[in-house]
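This is what each chain is made of:
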Amino acid sequence: MGRLIATHDWSASLGQLSVWRESLKTTVGLMLNSAVPMVLLWGADGIMIYNDAYSVFAAGRHPQILGSKVRQGWPEVADFNDNVMKVGLAGGTLAYKDQELTLYRRGKPEQVWMNLDYSPVIDETGRPGGVIAIVVETTERVLADRRQAESSERQRQQFEQAPGFIIVMSGSDHVVEFVNDTHRRVFGSADWVGKPIRRAFPSIEGQGFFESLDRVYATGEMEEFESAEVRYRRAPAQPEEVRYLTFVYAPIRDAGGAVTGIFCDGFDVTEAHRTTSALRESEARLRELNAELERKVIERTQARGRVWQVTPDLMGALNPEGYFETSNPAWMSVLGWTEDEVAAMSIWELLHPDDLERTREGFALTQIGQPAIRFPNRYRCKDGAYRWISWVGVPEEGMVYCTGRDITEEKAAEAELATAQDALRQSQKMEAVGQLTGGLAHDFNNLLAGITGSLEMLDKRLGEGRLNDVERYITAAQSSARRAAALTQRLLAFSRRQTLDPRPTDLNRLIAGMEELVRRTVGPTVEVEVVGAGGLWLTRVDRSQLENALLNLCLNGRDAMEPQGGRLTIETANKWLDARAARERELQPGQYVSLCVTDTGSGMTPDVIERVFDPFFTTKPLGQGTGLGLSMIYGFVRQSGGQVRIYSEVGKGTTMCLYLPRFAGAAEALEDELPPQVIEPGEGETVLVIDDEPTVRMLIAEVLEENGYAAIEAVDGAAGLKILQSDVRIDLLITDVGLPGGLNGRQVADAARLSRPDLKVLFITGYAENAVIGNGHLDRGMEVITKPFGMANLGAKIRSLIES
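From a predicted model like this one, the values you see are computed outputs, not experimental measurements. Starting from 1, residues in each chain are numbered consecutively following that chain's sequence as written. Local features in this predicted model are restricted to residues whose pLDDT is 70 or higher, and side-chain atom pairs enter the listing and the counts only when it is 80 or higher, whereas totals over whole chains, interfaces and linings include all residues. Only hydrogens and water are set aside; all other atoms, that is, all heavy atoms of the structure, feed into the side-chain values.

Go over unusual backbone geometry with me, naming the residues and quoting the values.
Put simply, His62 and Pro63 share a cis peptide bond, and its omega is 5°. Secondary structure elements are taken from DSSP: a helix is a run of H or I of four residues or more, a strand is a run of E of two residues or more, and numbering for both begins at the N terminus. Mapped onto the fold, Pro63 is located in the loop between helix H3 (52–58) and helix H4 (70–73). In this structure, the amide linkage connecting Glu562 to the following residue, Pro563, adopts the cis form with an omega of 0°. Along the polypeptide, Pro563 turns up in the loop between helix H19 (543–560) and strand E19 (566–577). Here Arg374, not a glycine, exhibits a phi torsion of approximately 50°, which is positive. Relative accessibility decides the category of a residue: with a 1.4 Å probe and only protein chains considered, values under 20% of the type maximum give buried, values over 50% give exposed, and everything between is partly exposed. Classification of Arg374 as exposed rests on a relative accessible area of 65%. Notably, Glu397 is not glycine yet its phi reads approximately 50°, a positive angle. Among the secondary structure elements, Glu397 is positioned in the loop between strand E14 (386–396) and strand E15 (399–406).

See the structure below:
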């Protein structure tokens, strides 16, 4: 800096160096020899002269600011420096510690902190000629202190929220610096901070805890307490409490390793201690009872008195090798073995092979002192048959004294009862099948009568040439066919075999889209309330089926509240089912989304709840219900991996809850997908149709030809695959899923895609072979349509697939 100052042109500011006053030269000389950052602000304008250390501080501003006015050198802090010059030239001094300023040292704003000391420099006139500043940057220390403070605050928050109690003490007097919320609740320590522990908590005097604190502080060695009994009062006027605490005194050390305080962390284990104590007392009483039982067995065995001789129960003393050293006459009467024969064989030779492993485990327990109570296994008779024996075995001084009762007849009775119960369940199952087939036959006969009757009348009118009224019969036949298709879908839903189109779904959004429809449907006498859970998880479900299920539940609720009406509540919630809750609902443990519909209607009796999901069971008057609504909902929800539960009380109402598995991905947009009324015709694309039903194949081919496509037909999977493996142009494959000849529709499609990877595929299914077509997980370019379907819907599917 000395060279820069000497070569700088000072003529416009302070004049050449030769005319500088002696006071200026002296101050500059002292400043240049200092290792501390210093700057001299000379004259009224504060002309800047500084040393090497200050040039480092100035960074990108050096050397341009040398010889400049301080306002021009540091314009971003001009007001601050104006005050410095005003005070300094008036003879005053200024000192700032960790002064925060924003400087542009490197072309961009930079927040810095500094220790600043300003003093006037007296010139030859006896007045201040300038101001000298000592500038020490403290930015790194300030930021480090702040980080340390933030870290300490985070640690304090963690301590505050810790489940155990925490107290921090400092110094040899153990002055309390911190207690967390748990500590305040357990000890009433809200006013302890700032007090030595002996003054803050005098009621534990004499129990050794203060002495332990002193030892930890003196030695630096941690001390632990496990379920220690502590007697204390929360306040002088309050009664003494006895608690059991598990805690640790740990030394706090400074950077040099010296102990400066003590950290205490622990838990109130009073309840666990009391439970353990009660368990120990119970175990002691049990041991006494066992000992008494053992003594009685020993006495009977040693006495070999009348009971030993005449009892029908097997008795004996079993050694650790598995041999009965003694046995009573009952062994002969029950199993046919003499006492010598019993002593010559180990129990492992007499036991049934299927009972060996379980008996070894029970025998091992007796060898460590645990008695065997009502332990059943099968022993071989001398004639080769096996009999069931239920044993009581009490270990005593290396032997196990045993008593065994023959329970062969009881086991046979249990087996007969189980067979009878299985037969009853099979009978109930057949009764349900009978109800199902009977109801199905009734409904389908009605629908078939409408279809066949309409077709007969249509045939008769066409034969007579009377065409003016045929539309009525066509409409009637189509209506009956659609109702038959709907009934089939309900039956498939009940049997959990319908074709589902599961999509990630937000139940709150789905309900919001249906709310107006529900309100209009249930009518003005029913107040509808929707309670949607915040942050509701997604579920993967067939939206149209869920909408049908929700509407069905709302209609059932409305009917239950007729005629006076009431309140209908639709509620969603997130449910995390642990093992017990999942077992109660017959589900796997995990995360579920619930949809519950609650009415304030008449409620259901337990016997109605038991049958409510049976097909064709209904409590509604004749003609007002099919009895398939709830069975359809049950089948759909179970097929979707969920469960349905009913909570009802007569006279108060019913809650129906659907539990559906959580989906972890993103939701898809809710759309009303209606087939377009006008279908764009094809442009000669070639479509291969594989279906073993000639009528279906003919209808599909006609739809294709009428819409401008070229159709190729195949009767089974093998014939279709042969065409697909040829060079014939195929733009779309339409295939039934269930095909004869060993290849189903999915197998044909997968084989075709080996040579035609971009082949579009439309699966047709008469029922839901979900496992075959991928359980709703179809590859890109694949769609599914369920029989029966409208020809317009088929045409729309074909066009959308070809254009995709």
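Kindly report on the sheet that holds strand E8 (residues 223–232), identifying the contributing residues and their values.
Strands are labelled as partners when DSSP assigns at least two bridges between them. Strand order in this open sheet of 5 strands is E7-E6-E10-E9-E8, and the pairing throughout is antiparallel. Taken across any chain shown, the strands that pair with only one partner, and hence form the sheet edges, are strand E7 (175–179) and E8. Between one strand axis and the next, the sheet turns by 30° as a mean value, whatever way the strands run. Sheet topology places E8 next to strand E9 (residues 241–253); 8 bridges connect them, and they run antiparallel. In the sheet register, Glu224 faces E9, and the bridge partner there is Val248. Every residue pair with non-hydrogen atoms within 4.5 Å of one another is taken to be in contact. For helices, the fitted axis covers only the stretch in contact; all axes are lines through C-alpha atoms, and the angles between them, taken along N-to-C directions, range from 0 to 180 degrees. Along the sheet face, helix H6 (residues 139–161) touches strand E6 (165–170), E7 and strand E10 (259–268) and points at about 80° away from the line of E7.

With reference to specific residues and values, describe a nonpolar patch on the surface.
On the surface, a nonpolar cluster with roughly 180 Å² of combined accessible area is contributed by Val36, Ile134 and Val136. Following the sequence through the fold, Val36 ends up in the loop between helix H2 (22–32) and strand E1 (38–42). Given a relative accessible area of 36%, Val36 falls into the partly exposed group. Exposure above 30% relative accessible area and the lack of any salt bridge qualify a residue for a patch; like charges then connect within 9 Å, and the nonpolar side chains Val, Leu, Ile, Met, Phe, Trp and Tyr within 5 Å. Each accessible area is a Shrake-Rupley estimate made with a 1.4 Å probe; only the visible protein chains count as cover when residues are assessed. In what follows, salt bridge is the name for a side-chain nitrogen of Lys or Arg lying within 4 Å of a carboxyl oxygen of Asp or Glu.

Break down the packing of helix H23 (residues 694–706) against helix H27 (residues 791–803) for me, citing the residues and quoting the values.
One way to put it is that H23 packs onto H27 with a least axis distance of 10 Å and a crossing angle of 60°. In terms of orientation, H23 and H27 fall into the oblique class. Between H23 and H27 lies a crossing whose hand is right-handed. Facing H23, whose interface residues are Leu699, Ile700, Val703 and Leu704, H27 presents Met791, Leu794 and Ile798. Polar here means any residue outside two lists: the nonpolar Ala, Val, Leu, Ile, Met, Phe, Trp, Tyr, Cys and Pro, and the charged Asp, Glu, Lys and Arg; Gly therefore counts as polar. Class assignment of the residues belonging to the contact of H23 with H27 gives a composition of 7 nonpolar, no polar and no charged. Oblique is the label for any angle not under 35 degrees, not over 145, and not in the 65 to 115 range, which are roughly parallel, roughly antiparallel and roughly perpendicular in turn. In a left-handed crossing the near helix is turned counterclockwise from the far helix by less than a right angle, and in a right-handed crossing that turn is clockwise.

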